[in-house]
Each structure stands twice: as C-alpha cells, then as structure tokens.
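For reference, the chains in residue letters:
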Amino acid sequence: MQPQTVANEISEIIVTGEQIQARIAELAKEIDAEYRDKNVLTLGVLKGAVMFMADLSRALEIQVQMDWMAVSSYGSGTVSSGVVRILKDLDADVMGRHILIVEDIIDSGLTLSWLVQNLEARGAASVEVVALLRKPDAVKVDLDVRWIGFDIPNEFVVGFGLDWNERYRNLTGVGILKPEVYS
C-alpha cells in the first residue's frame, strides 16, 4: 500500500520504502560478513517483523534457517506494557546455534531484553539483534543491539509490518499515525 492511500490518517512518512530497501541491503552485507561459516537461525518476531525478515533474508548471501516466535507486551494498546507473553514459541532448537533476532521496532526494549535472556538460557551459542527501527527516547533498559536500521522519534508509527489494530502493516514506508485515528 502506498502512503498516499492513507494520507489522511498518517501525519508524516518518516522512512520511505526506498530508504528501507537501501538500508536492508547495507545491513545484509554486514550480517553476511559476521555470520559467514556459522550455523545461523534467524528468528523473526511476529507479526511486525514479517516484512523486514522477508526482505532481509532475500538480501542475505549466507545460508540461514528461519523460524518465528510471537511474543506480546502491547495487548491492544499503543504503548508497551512490559509484561511479556509467548504466543508462539520456536520450532527449532537453539542449543549451540547462532541466533539473529530480526525485530521490527525497539520501543522500551523490555520485550527484546526478555527474549535475549530467554534464548541465552536455552543454550544459544550467541544472540544478536537486528532491528529495523529504534526509538532511543523510549528505551528503558540497557540493551545491546548489533544492527539498527533507523532511529526514529518516540511517536506511534505504522507501516512495513507495524500495525495499529491489525491495519497499516502493508504500507511500504513507516509513518506516524495521527492520534485521532487510534484515540
């Protein structure tokens, strides 16, 4: 879906689809160099990371196994609650594997921090994170994120996998949703 389709609901496009694709290509090169000759499991965090995971995986030159996990700390709100629930666990065993968590956005960082600790406790050889977006002003925990696509303002954003009420995921870029839409 192109941004003009929902122009009356989005106050500003902050990252265009073209910018996202260019940054994914750069990230893929860095990830290829890091994980060459390693047994890598990419872990997409559902549902928001679907678009990013798909495009990043296609841009990688290395072989990777893909798996998915669904965790939630939002419920139906627009702000992370910090209480993490596993909605869908991994199918693959992480013991001794190099795990690359592919995340759509880092808000408070609480969910991602919990997920990293959970995977380390399961015996992963290493756990690294690549996130398309990060809100530096919203982060509440010290979290080592290896690769970041874009730092963005602390606003409620949608597009490229990010949603409000299961809408806007297929927007090609990322935009700030007008408060009157979700309030």
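See the structure above.
Structural notes, computed from the coordinates. Note that the structure is a prediction, hence the values are computed from the model and not measured.

Focus: the side chain of glutamate 103
Moving on, step 1. Assignment of secondary structure puts glutamate 103 in strand E5 (residues 98–106).
Moving on, step 2. The buried charged residue glutamate 103 lacks any salt bridge, with arginine 169 as its nearest oppositely charged partner at 9.4 Å.
Moving on, step 3. Ignoring anything within four residues of it in the chain, the contact list for glutamate 103 reads Val45, Ala49, Phe52, Leu112, Val130, Ala131 and Leu132.

Overview of unusual backbone geometry
Moving on, step 1. Residues leucine 46 and lysine 47 are joined by a peptide bond in cis, for which omega reads -10°.
Moving on, step 2. With respect to the helices and strands, the residue lysine 47 is situated in the loop between strand E2 (40–46) and helix H2 (50–59).
Moving on, step 3. Unlike most non-glycine residues, glutamate 166 shows phi in positive territory, near 65°.
Moving on, step 4. Secondary-structure assignment places glutamate 166 in the loop between strand E8 (157–158) and strand E9 (174–177).
Moving on, step 5. Residue glutamate 166 is classed as partly exposed on the basis of its relative accessible area, which comes to 47%.
Moving on, step 6. A positive phi angle, close to 80°, is found at tyrosine 168, a residue other than glycine.
Moving on, step 7. With respect to the secondary-structure elements, tyrosine 168 resides in the loop between E8 and E9.

Structural notes on the nonpolar core
Moving on, step 1. Core analysis: the largest hydrophobic core is formed by 27 residues, its most contacted members being Phe52, Leu56, Val130 and Leu133.
Moving on, step 2. Elements with a minimum of two residues in this core: helix H1 (17–35), H2, E5, strand E6 (126–134), strand E7 (147–151) and E9.
Moving on, step 3. The greatest single-element share of this core, amounting to six residues, is contributed by H1.
Moving on, step 4. Leaving out residues up to four positions away in the same chain, leucine 133 has contacts with Val15, Asp104, Ile105, Ile106, Phe150, Ile152, Leu162 and Val174.
Moving on, step 5. Membership of the second largest hydrophobic core comes to 22 residues, among which are Leu43, Val45, Val127 and Ile148.

Some details on the sheet that holds strand E1 (residues 10–15)
Moving on, step 1. Pairing in this open sheet of three strands is antiparallel, and the strands run E1-E9-E8 from one edge to the other. The strands lining the two open edges of the sheet, one partner per strand, are E1 and E8.

Topic: the side chain of arginine 23
Moving on, step 1. Of note, arginine 23 is situated in helix H1.
Moving on, step 2. Separated by 2.8 Å, the side chain of arginine 23 and the backbone oxygen of isoleucine 148 make a polar contact.
Moving on, step 3. Once you skip the residues sitting within four places of it in the chain, arginine 23 turns out to touch Glu30, Ile148, Gly149 and Phe150.

About the criteria used
Residues numbered from 1 in each chain as written. Predicted model: local features only at pLDDT ≥ 70, side-chain atom pairs only at ≥ 80, totals over all residues. Heavy atoms only, no water. Helix = DSSP H or I, 4+ residues; strand = E, 2+ residues; numbered from the N terminus. Buried < 20%, exposed > 50% of the residue type's maximum accessible area, 1.4 Å probe, protein only. Lys, Arg positive; Asp, Glu negative; His and termini not counted. Salt bridge = Lys/Arg side-chain N within 4 Å of Asp/Glu carboxyl O. Contact = heavy atoms within 4.5 Å. Core = buried A, V, L, I, M, F, W, Y, C linked by side-chain atoms within 4.5 Å. Pairing = 2+ DSSP bridges. Polar contact = N/O pair within 3.5 Å; in protein donor to acceptor, adjacent residues only side chain to side chain.

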